[in-house]
Amino acid sequence: MSVIGQFSIVVDDYDDAIAFYCHKIGFDLIEDTDLGNGKRWVLIAPPRAPENATRILLAKAGNYAQRNAIGNQTGGRVGFFLMTDDFETDHARMIENGVRFLESPRHEPYGIVAVFEDLYGNKWDLLQPA
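What this report covers is the structure whose coordinates are included nearby. Being a predicted model, the structure only gives us computed values, none of them experimental.

Calculation notes
- Residues numbered from 1 in each chain as written.
- Predicted model: local features only at pLDDT ≥ 70, side-chain atom pairs only at ≥ 80, totals over all residues.
- Heavy atoms only, no water.
- Helix = DSSP H or I, 4+ residues; strand = E, 2+ residues; numbered from the N terminus.
- Expected span 1.5 Å × (residues − 1).
- Buried < 20%, exposed > 50% of the residue type's maximum accessible area, 1.4 Å probe, protein only.
- Arc of directions from axis to C-beta.
- Polar contact = N/O pair within 3.5 Å; in protein donor to acceptor, adjacent residues only side chain to side chain.
- Phe/Tyr/Trp six-rings, centres within 6.5 Å; stacked < 30°, edge-to-face > 60°.

1. Brief notes about helix H1 (residues 14–25)
- Over its 12 residues, H1 runs 16 Å from end to end, which matches the ideal 16 Å to within 8%, given 1.5 Å per residue.
- Every buried residue of H1 is listed here: Tyr14, Ala17, Ile18, Phe20, Tyr21, Cys22 and Ile25. Projected down its long axis, H1 shows its buried positions confined to an angular sector of 165 degrees, all on one face.
- Capping the start of H1 is the job of one residue whose side-chain oxygen sits 3.1 Å from the backbone nitrogen of Asp15: Asp13.

And the structure:
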C-alpha cells in the first residue's frame, strides 16, 4: 500500500507560515529542522492527526518561479481541504484568530463547507463531511 507522506506549500517566510498555520488555523508543528544556508525542513499537520497522516511541508521559495507561485499554487481554485468533525467550533476559532473566510458556511449534500484563504491567498475548504 502507498500513502502520500507529505506535500509542499511554497511560502516566502518559514516563521510567518508557522505562525499562520499553527497559531491561526491550529495545526501542530511536527518538525522544524535547520538544514543550513537558510533552508529548513518544516512539517505541520492538523491537530490530532494520526502518526501516519499526510503532513504539509512548508517550503521556502528559492527562485523566481517558486516565488511567483506563492499564493497561486492551484491556479485560483480551492486546492486544499481541511476536514473537521466539529465545523462550528473550528470555524468560530479560525475567525477569532483572524483567518479570512471568503463565504459564509453553506450546507451541501456532501457536508458543511466554507472557503478560506491562507496568508498567501491559497484557497482552502473547511469541510465537515455529511
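2. Notes on the packing of aromatic side chains
- One pass over the full model with this rule turns up eight aromatic pairs.
- Taking 6.0 Å as the distance between ring centres and 50 degrees as the angle between the ring planes, the aromatic pair formed by Tyr21 and Trp124 counts as tilted. Of this pair, Tyr21 sits in helix H1 while Trp124 sits in strand S9 (residues 123–129), and the two are 103 residues apart along the sequence.
- Judged by its relative accessible area of 0%, Tyr21 falls in the buried class.
- Arranged with centres 6.1 Å apart and planes meeting at 70 degrees, the rings of Phe27 and Trp124 form a pair that is edge-to-face. Of this pair, Phe27 sits in the loop between H1 and strand S2 (28–36) while Trp124 sits in strand S9, and the two are 97 residues apart along the sequence. Across the pair, exposure class does not vary: Phe27 and Trp124 are buried alike.

On their own, these measurements won't tell you what the molecule is for.
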